[in-house]
Amino acid sequence: MIQFQQVNKEYSREVFALRDISLSITQGELVFLAGPSGAGKSTLLKMIAGVERPTSGTVTVNGQDIGTLKTGSLPYLRRKLGLILQGQGLLLDRNVLANVMLPLIVTGASGSEAEMRARTALEKVNLSDKAEALPLSLSGGEQQRVAIARAIVNRPQIILADEPTAFLDKDNANKVLSALKAFQSAGVTCIISSHDEQLFDHATRVIYLNKGCISDSWTSSLAA
Ligand code: ADP
Ligand code: ADP
């Protein structure tokens, strides 16, 4: 479903973010990207979403070569992805429900349809009781689960999450991971960057990046 073939990414002549990455991820996997800060984890996630393009090599998602995709086709690709990237916070002046409805409204769903689906998404991350709350009245873990609900409201086949448990205590981190795992059990491929080694037990695979290279990787017995 996702393939990298000899992918290099240079942001500039001095900054190599990824070097010669080849990997293949199949449907329903729960993959963690591990490694120190600056290793290239976010860049790898952004390449799957077409936010960044390879300098050389090819990235294929569902058979589509992201590098040659026309810019106009990117929004269409992203609708099939649930993106939880850093720095894409919730809109603080609207309640949780309105935040989760937004991706549907943007793509032309009616208000009643969007509300129904947003409430279903909130149920799946266990936050039905917070639909009317404003984001800042929620805990960090709850806010992150709202971001997950917003990311999956379009029923994507792939969820990409950049450090979704950063800054969370263990209890909240586990709740966030449980929400992601529930989608994985339903067949959604999840790719998550994280420093949090405690979570790796749940992975089908962990890929360690260091200075833009894959330094190690393992596949768990959880992988089908
Ligand atoms: P990680 O997510 O593992 O912390 P990143 O993918 O964010 O790593 O970064 C990999 C390298 O690319 C780092 O050296 C970082 O400084 C650099 N980098 C990331 N984004 C950009 C950018 N937009 N412009 C220039 N350099 C970048
Ligand atoms: P529904 O009950 O809405 O008809 P489906 O039969 O489509 O649900 O899927 C069964 C379950 O799979 C849903 O309740 C949901 O938890 C989960 N699911 C599968 N794929 C997705 C997705 N892309 N986004 C959100 N939930 C999903």
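Residues numbered from 1 in each chain as written. Chains lettered and ligands numbered in written order. Predicted model: local features only at pLDDT ≥ 70, side-chain atom pairs only at ≥ 80, totals over all residues. Heavy atoms only, no water.

Chemist: Talk me through the overall build of the chain; I want residue IDs and the actual numbers.
Modeler: Looking only at helices and strands, one finds six helices and ten strands in the chain. For 224 residues, the compact-globule estimate of 2.2 N^0.38 gives 17 Å, and the C-alpha radius of gyration of the chain, at 17 Å, lies within 12% of that figure. Dimensions along the principal axes, computed over C-alpha positions, put the chain at roughly 45 × 40 × 35 Å. Across the 224 residues that make up the chain, the buried fraction comes to 47%. Contacts in the chain between residues far apart in sequence, at least 24 positions, make up 66% of those at least 6 positions apart. (Helix = DSSP H or I, 4+ residues; strand = E, 2+ residues; numbered from the N terminus. Rg over C-alpha atoms; globule rule 2.2 N^0.38 Å. Buried < 20%, exposed > 50% of the residue type's maximum accessible area, 1.4 Å probe, protein only. Contact = heavy atoms within 4.5 Å.)

Chemist: Go over the packing of aromatic side chains, please, and point to the residues and values.
Modeler: Tallied over the full model, the rule gives two aromatic pairs. Pairing Phe200 with Tyr208 gives two aromatic rings, centres 6.4 Å apart and planes at 80°, and the pair type is edge-to-face. Geometry around Phe16 places Arg19 over its ring, the cationic atom sitting 4.4 Å from the centre. (Phe/Tyr/Trp six-rings, centres within 6.5 Å; stacked < 30°, edge-to-face > 60°. Lys NZ or Arg CZ within 6 Å of the ring centre and 35° of its normal.)

Chemist: Give a detailed account of the site of ligand 2, specifying residues and quantitative values.
Modeler: Taken together, Lys124, Ile152, Arg155, Pro156, Phe183, Ala186 and Val188 make up all the residues around ligand 2. One nitrogen or oxygen atom from the side chain of Lys124 is found 3.2 Å from a nitrogen atom belonging to ligand 2. Summarising the interface, the protein chains cover 49% of the accessible area of ligand 2, which totals 540 Å² for the free molecule. (Near = heavy atom within 4 Å. Polar contact = N/O pair within 3.5 Å; in protein donor to acceptor, adjacent residues only side chain to side chain. Areas by Shrake-Rupley, 256 points an atom, 1.4 Å probe, with all protein chains shown as cover.)

Chemist: Which residues make up the environment of Glu113, and what values do they have?
Modeler: Within the secondary structure, Glu113 sits in helix H4 (residues 111-124). When its relative accessible area of 31% is taken as the criterion, Glu113 is described as partly exposed.

Chemist: Tell me about the site of ligand 1, residues and numbers included.
Modeler: Around ligand 1 sit Tyr11, Val15, Ala17, Pro36, Ser37, Gly38, Ala39, Gly40, Lys41, Ser42 and Thr43, and those are all the residues in its vicinity. At 2.7 Å from an oxygen atom of ligand 1 is found a main-chain nitrogen or oxygen belonging to Gly38. Here an oxygen atom of ligand 1 sits 2.7 Å away from a polar atom, N or O, in the side chain of Ser42. Expressed as a share of its isolated accessible area of 560 Å², the protein-covered part of ligand 1 is 60%. The element best represented in the shell around ligand 1 is helix H1 (residues 41-48), accounting for three residues. In the shell around ligand 1, the residues fall into five nonpolar, five polar and one charged. (Nonpolar A, V, L, I, M, F, W, Y, C, P; charged D, E, K, R; others polar.)

Chemist: Got a sec to walk through unusual backbone geometry? Specific residues and values, please.
Modeler: If you check the backbone angles, Phe167 has positive phi at about 70° while not being a glycine. A residue is classified by how much of its surface remains accessible, and Phe167, at 88% relative accessible area, is exposed. Positioned with a positive phi, Lys211 is a non-glycine residue whose angle comes to about 50°. Within the secondary structure layout, Lys211 lies in the loop between strand S9 (205-210) and strand S10 (213-219). Classification of Lys211 as exposed rests on a relative accessible area of 66%.

None of the figures reported here should be taken as evidence of function without further support.
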